[in-house]
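Listed below are the residues making up each chain.
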Amino acid sequence: GESVGLHLPTLSVQEGDNSIINCAYSNSASDYFIWYKQESGKGPQFIIDIRSNMDKRQGQRVTVLLNKTVKHLSLQIAATQPGDSAVYFCAENALMYSGGGADGLTFGKGTHLIIQP
Amino acid sequence: SQTIHQWPATLVQPVGSPLSLECTVEGTSNPNLYWYRQAAGRGLQLLFYSVGIGQISSEVPQNLSASRPQDRQFILSSKKLLLSDSGFYLCAWSSGPSTDTQYFGPGTRLTVL
(Lines give C-alpha, C1' and ligand atoms only; values in the text may rest on other atoms or scores of the structure.)
Protein backbone atom coordinates (compact mmCIF):
# COMPACT_ATOMS: atom_id res chain seq x y z
CA GLY A 1 0.00 0.00 0.00
CA GLU A 2 0.90 3.59 -0.16
CA SER A 3 3.18 4.77 2.60
CA VAL A 4 2.62 8.12 4.23
CA GLY A 5 5.57 9.92 5.75
CA LEU A 6 5.26 11.40 9.19
CA HIS A 7 5.65 15.16 9.38
CA LEU A 8 6.76 16.88 12.50
CA PRO A 9 4.75 19.89 13.67
CA THR A 10 6.44 22.98 12.31
CA LEU A 11 6.79 26.42 13.79
CA SER A 12 7.98 29.19 11.51
CA VAL A 13 9.12 32.47 13.05
CA GLN A 14 10.86 35.62 11.86
CA GLU A 15 14.44 36.13 12.89
CA GLY A 16 14.52 38.30 15.98
CA ASP A 17 11.05 37.31 17.15
CA ASN A 18 10.40 35.18 20.20
CA SER A 19 9.51 31.50 19.73
CA ILE A 20 7.28 29.39 21.92
CA ILE A 21 7.35 25.63 21.53
CA ASN A 22 4.80 23.57 23.39
CA CYS A 23 4.72 20.06 24.76
CA ALA A 24 1.95 18.12 26.46
CA TYR A 25 3.20 15.40 28.74
CA SER A 26 1.36 12.29 29.67
CA ASN A 27 2.17 11.24 33.20
CA SER A 28 1.06 13.27 36.17
CA ALA A 29 3.70 11.44 38.24
CA SER A 30 6.55 12.83 36.14
CA ASP A 31 8.66 15.18 38.21
CA TYR A 32 11.50 16.05 35.88
CA PHE A 33 11.40 17.51 32.38
CA ILE A 34 14.06 18.28 29.80
CA TRP A 35 14.17 20.18 26.53
CA TYR A 36 16.52 18.99 23.79
CA LYS A 37 17.55 20.61 20.53
CA GLN A 38 18.46 18.44 17.57
CA GLU A 39 20.04 19.90 14.47
CA SER A 40 19.85 17.98 11.23
CA GLY A 41 22.13 14.95 11.24
CA LYS A 42 23.31 15.49 14.81
CA GLY A 43 22.54 14.06 18.20
CA PRO A 44 20.10 15.81 20.56
CA GLN A 45 21.65 18.53 22.68
CA PHE A 46 20.51 19.31 26.21
CA ILE A 47 19.07 22.83 26.49
CA ILE A 48 17.38 23.23 29.84
CA ASP A 49 15.56 21.20 32.46
CA ILE A 50 13.01 21.81 35.18
CA ARG A 51 11.77 19.90 38.19
CA SER A 52 8.15 19.72 39.18
CA ASN A 53 8.65 21.90 42.26
CA MET A 54 9.23 24.85 39.91
CA ASP A 55 6.96 26.68 37.46
CA LYS A 56 9.63 28.51 35.55
CA ARG A 57 13.32 28.29 34.88
CA GLN A 58 15.47 30.59 32.80
CA GLY A 59 18.66 30.03 30.90
CA GLN A 60 20.50 32.03 28.34
CA ARG A 61 17.79 33.25 25.91
CA VAL A 62 15.59 30.29 26.88
CA THR A 63 12.84 29.92 29.44
CA VAL A 64 10.94 26.77 30.33
CA LEU A 65 7.47 27.01 31.82
CA LEU A 66 5.73 24.14 33.54
CA ASN A 67 1.99 23.96 34.16
CA LYS A 68 1.33 20.83 36.16
CA THR A 69 -2.41 21.41 36.29
CA VAL A 70 -2.83 20.86 32.57
CA LYS A 71 0.38 18.82 32.11
CA HIS A 72 1.89 21.33 29.75
CA LEU A 73 5.48 22.34 29.17
CA SER A 74 6.73 25.15 26.98
CA LEU A 75 10.08 26.40 25.76
CA GLN A 76 10.46 30.07 24.99
CA ILE A 77 13.37 31.26 22.90
CA ALA A 78 14.02 34.98 22.94
CA ALA A 79 15.25 36.90 19.89
CA THR A 80 15.37 33.84 17.66
CA GLN A 81 18.49 33.47 15.55
CA PRO A 82 19.20 31.39 12.41
CA GLY A 83 21.23 28.98 14.54
CA ASP A 84 18.08 28.13 16.49
CA SER A 85 16.68 26.24 13.50
CA ALA A 86 16.33 22.65 14.67
CA VAL A 87 13.90 20.08 15.98
CA TYR A 88 13.05 20.63 19.63
CA PHE A 89 11.61 17.93 21.78
CA CYS A 90 10.71 17.52 25.40
CA ALA A 91 11.32 14.56 27.65
CA GLU A 92 9.72 13.52 30.91
CA ASN A 93 10.86 10.95 33.42
CA ALA A 94 7.77 8.80 33.11
CA LEU A 95 7.70 5.06 32.96
CA MET A 96 8.62 4.20 29.41
CA TYR A 97 6.48 1.15 29.13
CA SER A 98 3.19 0.63 30.86
CA GLY A 99 3.96 -3.05 31.12
CA GLY A 100 6.38 -2.34 33.93
CA GLY A 101 9.54 -2.06 31.87
CA ALA A 102 12.41 0.23 32.49
CA ASP A 103 11.97 3.59 34.07
CA GLY A 104 13.59 6.27 32.03
CA LEU A 105 12.93 9.27 29.88
CA THR A 106 9.95 9.42 27.56
CA PHE A 107 10.63 11.64 24.56
CA GLY A 108 8.10 13.58 22.53
CA LYS A 109 8.27 13.47 18.74
CA GLY A 110 9.43 17.05 18.41
CA THR A 111 8.65 20.36 16.77
CA HIS A 112 10.60 21.66 13.81
CA LEU A 113 11.50 25.31 14.33
CA ILE A 114 12.18 27.23 11.11
CA ILE A 115 13.67 30.71 11.20
CA GLN A 116 12.60 33.05 8.41
CA PRO A 117 15.12 35.77 7.50
CA SER B 1 34.26 17.70 30.98
CA GLN B 2 32.45 14.68 29.69
CA THR B 3 32.37 13.79 26.02
CA ILE B 4 30.70 10.99 24.14
CA HIS B 5 31.91 9.58 20.85
CA GLN B 6 30.26 7.39 18.27
CA TRP B 7 31.65 5.79 15.17
CA PRO B 8 31.30 5.46 12.39
CA ALA B 9 29.33 8.59 11.60
CA THR B 10 27.72 7.00 8.56
CA LEU B 11 27.52 3.44 7.35
CA VAL B 12 26.04 1.73 4.32
CA GLN B 13 25.70 -2.01 4.62
CA PRO B 14 24.08 -4.74 2.51
CA VAL B 15 21.23 -6.83 3.87
CA GLY B 16 22.53 -9.85 5.73
CA SER B 17 25.86 -8.31 6.66
CA PRO B 18 27.02 -7.91 10.27
CA LEU B 19 27.04 -4.66 12.20
CA SER B 20 29.16 -3.16 14.92
CA LEU B 21 28.62 0.39 16.18
CA GLU B 22 30.78 1.72 18.96
CA CYS B 23 30.18 4.31 21.64
CA THR B 24 32.67 5.57 24.20
CA VAL B 25 32.35 8.09 26.98
CA GLU B 26 35.16 10.15 28.48
CA GLY B 27 35.38 12.13 31.66
CA THR B 28 33.05 10.11 33.84
CA SER B 29 33.04 6.78 35.63
CA ASN B 30 30.36 4.11 35.81
CA PRO B 31 27.90 5.91 33.58
CA ASN B 32 24.55 4.48 32.58
CA LEU B 33 24.66 3.92 28.83
CA TYR B 34 21.86 3.78 26.29
CA TRP B 35 21.30 2.91 22.65
CA TYR B 36 18.41 4.58 20.85
CA ARG B 37 17.15 4.41 17.29
CA GLN B 38 15.49 7.38 15.65
CA ALA B 39 13.51 6.94 12.47
CA ALA B 40 12.89 9.97 10.26
CA GLY B 41 10.21 12.23 11.73
CA ARG B 42 9.79 10.05 14.76
CA GLY B 43 10.83 10.12 18.37
CA LEU B 44 13.55 8.17 20.08
CA GLN B 45 13.11 4.45 20.61
CA LEU B 46 15.17 2.96 23.43
CA LEU B 47 16.87 -0.24 22.32
CA PHE B 48 19.23 -1.14 25.17
CA TYR B 49 20.54 0.31 28.37
CA SER B 50 23.33 -0.69 30.69
CA VAL B 51 24.05 0.16 34.30
CA GLY B 52 27.45 -1.51 34.40
CA ILE B 53 29.98 -3.75 32.68
CA GLY B 54 28.32 -6.82 31.26
CA GLN B 55 24.85 -5.66 32.34
CA ILE B 56 22.51 -5.15 29.41
CA SER B 57 18.75 -4.65 29.40
CA SER B 58 16.86 -4.99 26.15
CA GLU B 59 13.73 -2.96 25.68
CA VAL B 60 12.55 -4.05 22.26
CA PRO B 61 12.79 -7.52 20.73
CA GLN B 62 14.78 -7.18 17.55
CA ASN B 63 17.61 -8.19 15.34
CA LEU B 64 20.18 -6.28 17.39
CA SER B 65 22.27 -6.94 20.48
CA ALA B 66 24.43 -4.82 22.76
CA SER B 67 27.51 -5.40 24.85
CA ARG B 68 29.48 -3.42 27.39
CA PRO B 69 32.98 -4.85 27.54
CA GLN B 70 34.40 -1.88 29.44
CA ASP B 71 33.02 0.71 31.81
CA ARG B 72 32.82 3.46 29.22
CA GLN B 73 32.32 1.43 26.06
CA PHE B 74 28.98 0.38 24.62
CA ILE B 75 28.66 -1.63 21.41
CA LEU B 76 25.62 -2.25 19.25
CA SER B 77 25.79 -5.32 17.02
CA SER B 78 23.89 -7.45 14.59
CA LYS B 79 24.78 -10.74 12.97
CA LYS B 80 22.57 -10.16 9.92
CA LEU B 81 21.17 -6.75 9.07
CA LEU B 82 17.63 -6.27 7.80
CA LEU B 83 16.33 -3.42 5.67
CA SER B 84 14.26 -2.29 8.65
CA ASP B 85 17.45 -1.75 10.66
CA SER B 86 18.15 1.44 8.72
CA GLY B 87 18.00 4.55 10.88
CA PHE B 88 19.88 7.00 13.01
CA TYR B 89 21.46 5.33 16.03
CA LEU B 90 22.18 7.39 19.08
CA CYS B 91 24.20 6.52 22.13
CA ALA B 92 23.60 8.39 25.37
CA TRP B 93 24.93 8.43 28.90
CA SER B 94 23.71 9.57 32.27
CA SER B 95 25.50 9.85 35.58
CA GLY B 96 22.40 9.05 37.57
CA PRO B 97 19.48 6.74 37.04
CA SER B 98 17.78 6.44 33.67
CA THR B 99 15.27 9.05 34.75
CA ASP B 100 18.00 11.66 35.00
CA THR B 101 19.39 13.86 32.24
CA GLN B 102 20.78 11.87 29.36
CA TYR B 103 23.48 13.28 27.11
CA PHE B 104 23.67 12.13 23.53
CA GLY B 105 26.46 11.34 21.13
CA PRO B 106 26.63 12.59 17.54
CA GLY B 107 24.86 9.53 16.14
CA THR B 108 25.48 7.01 13.37
CA ARG B 109 23.42 7.08 10.19
CA LEU B 110 22.95 3.46 9.07
CA THR B 111 21.57 2.62 5.65
CA VAL B 112 20.88 -1.01 4.84
CA LEU B 113 20.52 -1.73 1.12
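Here, the structure is the one placed above.
Just so it is clear, the structure is predicted and the values come from calculations on it, not from any experiment.

## Regarding the state of the cysteines
Within this structure, the stated rule accounts for two disulfides over all chains. One disulfide bridge connects Cys23(A) with Cys90(A), the sulfur atoms lying 1.6 Å from each other. Here the residue Cys23(A) occupies a position in strand 2 (residues 19-24), and Cys90(A) occupies one in strand 8 (residues 86-92), the gap between them amounting to 67 residues. The exposure class of Cys23(A) is buried, given its relative accessible area of 11%. Covalently, Cys23(B) is tied to Cys91(B) through a disulfide, its sulfur atoms 2.0 Å apart. Around the S-S axis, the bridge from Cys23(B) to Cys91(B) shows a dihedral of about -75 degrees and counts as left-handed. Of the two residues, Cys23(B) is situated in strand 3 (residues 19-26) and Cys91(B) in strand 9 (residues 87-94); the sequence distance between them amounts to 68 residues. Take Cys23(B) and Cys91(B): they sit in the same class, and that class is buried.

## Quick notes on the environment of Val13(A)
Residues and elements named next belong to chain A. Looking at where Val 13 falls in the secondary structure, it is placed in strand 1 (residues 10-14). Residue class for Val 13 comes out buried when judged on its relative accessible area of 10%. Residues Val 13 and Thr 69, 56 residues apart in the sequence, show an inter-C-alpha distance of 28 Å. Dropping the residues within four chain positions of it, Val 13 is found in contact with Asn 18, Ser 19, Thr 80, Leu 113, Ile 114, Ile 115 and Gln 116.

## Looking at the interface of chain A and chain B
Counting from both sides, the interface comprises 24 residues of chain A and, opposite them, 21 residues of chain B. Across the chain A/chain B interface, buried area totals approximately 1,700 Å², and carbon plus sulfur atoms make up 60% of it. Salt-bridge contacts for Asp100(B) lead to Arg51(A); the nearest nitrogen and oxygen are separated by 3.9 Å. Counting every contact that joins chain A to chain B gives four residue pairs in polar contact (both at pLDDT 80 or more). Sorting the residues of the side of chain A that touches chain B by element identifies strand 3 (32-38) and strand 4 (45-51) of chain A as the ones contributing at least two each. No other element matches the four residues that strand 3 of chain A contributes to the side of chain A that touches chain B. Classifying every residue of the side of chain A that touches chain B by side-chain character gives 13 nonpolar, six polar and five charged.

Rules behind the numbers
Residue numbers here run from 1 along each chain, matching the order of that chain's written sequence. Lettering of chains starts at A and numbering of ligands starts at 1, both following the order in which they are written. Note on the predicted model: pLDDT of at least 70 is required for a residue's local features to be given, and 80 or more for side-chain atom pairs to be given and counted; whole-chain, interface and lining totals, by contrast, use all residues. Think of the side-chain values as coming from all heavy atoms in the structure, minus any hydrogens and water. In plain terms, two cysteine sulfur atoms within 2.5 Å form what is called a disulfide here. Comment: elements are numbered from the N terminus, with helices defined as DSSP H or I runs of at least four residues and strands as E runs of at least two. Exposure classes here rest on a 1.4 Å probe applied to the protein chains alone. A residue is buried below 20% of its type maximum, exposed above 50%, and partly exposed in between. By the convention used here, residues are in contact when the closest approach between their heavy atoms is within 4.5 Å. A simple way to read buried area is as the amount of 1.4 Å-probe accessible surface that goes missing from two parts once joined, with both sides added. Note on definitions: salt bridges are taken to be side-chain nitrogens of Lys or Arg within 4 Å of carboxyl oxygens of Asp or Glu. N or O atoms closer than or at 3.5 Å make up a polar contact, with two conditions inside protein: a donor-capable atom paired with an acceptor-capable one, and, for residues adjacent in sequence, both atoms drawn from side chains. Just so you know the grouping, Ala, Val, Leu, Ile, Met, Phe, Trp, Tyr, Cys and Pro go in nonpolar, Asp, Glu, Lys and Arg go in charged, and all remaining residues, Gly too, go in polar.

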